[in-house]
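# A closer look at the structure
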Amino acid sequence: LLASVGLKPQPVTSLARLDAPLELLIIGAGAFEKSPAAEPVIGLVPPERAALMDFLARGGRVLVLEQEVYPEGLLDIQLTGQQSTMTFPADAAHPALRGLEADDLKFWRGGHLVTKAEPPRPAVGGWVPLVVSGSAAGLANAPLLERQMGKGCLVLSQLRLAEKAASE
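Here is a short report on the structure shown in this document. (Residues numbered from 1 in each chain as written. Predicted model: local features only at pLDDT ≥ 70, side-chain atom pairs only at ≥ 80, totals over all residues. Heavy atoms only, no water.)

## Observations regarding a nonpolar patch on the surface
Note the following rule: A patch consists of residues exposed above 30% relative accessible area that lack any salt bridge, with like charges linked at up to 9 Å and nonpolar side chains (Val, Leu, Ile, Met, Phe, Trp, Tyr) linked at up to 5 Å. Using the Shrake-Rupley algorithm and a 1.4 Å probe, accessible areas are obtained, with residue cover drawn only from the displayed protein chains. Salt bridges are identified by distance alone: a Lys or Arg side-chain nitrogen within 4 Å of an Asp or Glu carboxyl oxygen. Helix numbers and strand numbers start at the N terminus; a helix is a DSSP run of H or I with at least 4 residues, a strand a run of E with at least 2.
On the surface, a cluster of nonpolar side chains totalling about 390 Å² of accessible area is made up of L2, V5, L7, L24 and I26. Turning to its location among the elements, I26 is positioned in strand β1 (residues 24-27).

Here is the structure:
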């Protein structure tokens with residue numbers, strides 16, 4: 001998929017070591033695993049988080065595709081069990097949604113699910129919901145989020161983009 005749009009992917013073996021010439025980091029679908037249970041240590045910053053924050057501060061861009069979990073302490077947000085068949089653009093003018101109609105974010109082929117394991121819709125922390133979803137509780141989830149960090153940008157997508165690229 002990346003090659004078809006002219007991008008040449010280069011593998012990154014560890015988030016703890018992000019090379020300076022790197023401009024865009026795409027964390028592939030399902031790349032994260034559940035962190036082993038550990039005693040929290042106040043003030044301890046995992047090396048992966050430190051490197052990621054430094055990368056973003058320098059102007060790097062990060063896209064995290066759909067995951068089952070986010071490693072504890074890496075992204076300042078966790079995932080819920082919420083899945084949705086219908087999602088809604090919260091910022092239809094955003095470049096990430098360019099060319100999409102509201103109906104493009106609903107009832108995707110092969111089971112109708114558009115998202116999995118959505119994060120809650122943040123009210124603080126600089127997150128901007130680009131796509132929202134909900135339940136009887138209201139539009140309480142944000143499966144597509146953006147956060148400007150330093151000179152860079154972090155985008156979290158729980159939309160099933162990798163899985164549904166060919167059909168949607």
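There's plenty left to go through after this.
## Digging into the side chain of Q67
Operational definition: Contacts described as polar in this section are N or O atom pairs within 3.5 Å, which, within protein, must combine one atom able to donate a hydrogen with one able to accept it, while residues neighboring in sequence count only if both atoms come from side chains. Contacts are assigned to residue pairs with any non-hydrogen atoms lying within 4.5 Å of each other.
Tracing the sequence through the fold places Q67 in the loop between β2 (61-64) and β3 (88-89). A distance of 2.8 Å separates a polar atom in the side chain of Q67 from the backbone nitrogen of F32. Sequence-distant contacts of Q67, defined by excluding residues within four places in its chain, comprise I27, G28, A29, G30, A31, F32, L79, A117 and Q158.

## Thoughts on the pairing of β2
Stated precisely, the cut-off is as follows: Note on exposure labels: buried denotes an accessible area under 20% of the residue type's maximum, exposed denotes more than 50%, and partly exposed covers the range between, all computed with a 1.4 Å probe on protein chains only. When DSSP finds at least two bridges between two strands, those strands are taken to pair. Seen with its strands pointing away from the viewer, a crossover is right-handed if its path from the first strand over the helix to the second goes clockwise.
In β2, alternate side chains face the same way, and those of V62 and V64 are buried while those of R61 and L63 on the opposite face are not. Taken together, the 4 bridges between β1 and β2 define a ladder with parallel strand orientation. Bridge pairing in β2 links I27 to V64. Remark: the β1/helix α1 (residues 47-57)/β2 crossover connection has right-handed handedness.

## Concerning the packing of aromatic side chains
The geometry of two aromatic rings is summed up by the distance between their centres and the angle between their planes. For clarity, the threshold we go by: Note on aromatic pairs: the rings of Phe, Tyr and Trp (six-membered ring only in Trp) are paired at centre separations within 6.5 Å, and the planes decide the class, stacked below 30 degrees, edge-to-face beyond 60, tilted for the rest.
By the definition in use, this model includes 1 aromatic pair. Centre to centre, the rings of F32 and Y70 are 6.4 Å apart; their planes meet at 85°, and the pair counts as edge-to-face. Here the residue F32 occupies a position in the loop between β1 and α1, and Y70 occupies one in the loop between β2 and β3, the gap between them amounting to 38 residues. Of the two residues examined, F32 and Y70, each falls in the buried class.

## Digging into the nonpolar core
Convention followed: By nonpolar core is meant a set of buried Ala, Val, Leu, Ile, Met, Phe, Trp, Tyr and Cys residues that side-chain atoms within 4.5 Å join together.
With 22 residues, the main nonpolar core has V62, L75, L154 and L156 as its most contacted residues. Among the elements of the structure, β1, α1, β2, β5 (138-149) and β6 (152-157) are those that each provide at least two residues to this core. Here L156 is in contact with V64, Y70, L75, I77, W127, P143, L144 and L145, once residues within four sequence places are set aside. Core analysis: the second largest hydrophobic core is formed by 10 residues, L105, W108, V114 and L144 among them.

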